[in-house]
Amino acid sequence: GENVEQHPSTLSVQEGDSAVIKCTYSDSASNYFPWYKQELGKRPQLIIDIRSNVGEKKDQRIAVTLNKTAKHFSLHITETQPEDSAVYFCAASQVSRLTFGEGTQLTVNP
Amino acid sequence: SAVISQKPSRDICQRGTSLTIQCQVDSQVTMMFWYRQQPGQSLTLIATANQGSEATYESGFVIDKFPISRPNLTFSTLTVSNMSPEDSSIYLCSVESKGRYNEQFFGPGTRLTVL
């Protein structure tokens, strides 16, 4: 089955800096790669996604890149703000079955 | 996007008992799923709830332990049977709506503690 690895497990940045989280996947049949943000005690929220026919997607301060050949994808957050502090999960999907990475605890220090 | 609710939001149960968790959506959805999130960990897919037929379980999860129903396009239940403390987790349903292929949105979760 699919295996998704996510790095780093924790990331601390200063407000205004950029943050990058990286994931690799194992199954070349995976074709959909969402990112979720989970605040403490809350449900995971879909913040951005990318499909295998696209290399990059941007939505305001967040962007995701995908390298199908290398089987890795990354989340980029620019101009970080304290409210960006949360756990971020990447996932890979085949026929709607999501396999999640282990998560990254992002802390943005004011 | 669809509004998803779960009941109960949390429960404390005794070892050996069973708990049924409900997931209700305010609009018809194509796919419904059940996930488990153990404390401080990632999400693991338990099964896909199929409308009108048996659920499709992932490796490591079996119907006798986690029976699932999906009688219509807006409702599903997950039962955690013969519970042990290792079943203490957050259980979340997710849905995929028509026209939003692959995009999954999560319910608020049910926090289960087994004593």
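Residues numbered from 1 in each chain as written. Chains lettered and ligands numbered in written order. Predicted model: local features only at pLDDT ≥ 70, side-chain atom pairs only at ≥ 80, totals over all residues. Heavy atoms only, no water.

### Focus: the overall build of chain B
Then comes step 1: When helices and strands are counted, chain B shows zero helices and eleven strands.
Then comes step 2: Secondary structure elements of chain B, listed N to C terminal, follow the sequence β-β-β-β-β-β-β-β-β-β-β.
Then comes step 3: Taken against the 2.2 N^0.38 rule, which gives 13 Å for 115 residues, the C-alpha radius of gyration of chain B at 13 Å falls within 12% of a compact globule.
Then comes step 4: Across its three principal directions, the C-alpha atoms of chain B cover 40 × 25 × 20 Å.
Then comes step 5: For chain B, buried positions account for 52% of its 115 residues.
Then comes step 6: Of the contacts made within chain B by residues no fewer than 6 positions apart, 54% connect residues no fewer than 24 positions apart.
Then comes step 7: With an accessible surface of roughly 5,400 Å², chain B has 49% of that area assigned to carbon and sulfur atoms. (Helix = DSSP H or I, 4+ residues; strand = E, 2+ residues; numbered from the N terminus. Rg over C-alpha atoms; globule rule 2.2 N^0.38 Å. Buried < 20%, exposed > 50% of the residue type's maximum accessible area, 1.4 Å probe, protein only. Contact = heavy atoms within 4.5 Å. Areas by Shrake-Rupley, 256 points an atom, 1.4 Å probe, with all protein chains shown as cover.)

### Concerning the sheet that holds strand 3 (residues 19–25) of chain A
Residues and elements named next belong to chain A.
Then comes step 1: Across the sheet, which stays open at both edges, the five strands sit in the order 1-3-8-7-6 with antiparallel pairing between neighbours. Edge positions in the sheet fall to strand 1 (4–7) and strand 6 (56–59), since each has one partner strand and no second. Strand-to-strand twist in this sheet, taken as the mean axis angle between neighbours without regard to direction, amounts to 15 degrees.
Then comes step 2: In this structure, strand 7 (residues 62–67) lies alongside strand 8 (residues 72–77), joined through six bridges in antiparallel fashion. Looking across to strand 8, one finds that Asn-67 is bridged to His-72. (Pairing = 2+ DSSP bridges. Axes fitted to C-alpha atoms, helices over the stretch in contact; angles between N-to-C directions.)

### Observations regarding the interface of chain B and chain A
Then comes step 1: Every contact between the two is made by 20 residues of chain B and, on the other side, 18 residues of chain A.
Then comes step 2: Here chain B and chain A share an interface that buries about 1,600 Å² over both sides, 48% of which is from carbon and sulfur atoms.
Then comes step 3: The largest share of the area that chain B buries against chain A comes from B:Ser42, B:Asn102 and B:Phe106, three residues that together contribute 32% of it.
Then comes step 4: Our count for the contact surface shared by chain B and chain A stands at two salt bridges.
Then comes step 5: Linking B:Glu103 and A:Arg51 is a salt bridge whose minimum nitrogen-to-oxygen distance equals 4.0 Å. (Buried area = accessible area lost by both parts, 1.4 Å probe. Salt bridge = Lys/Arg side-chain N within 4 Å of Asp/Glu carboxyl O.)

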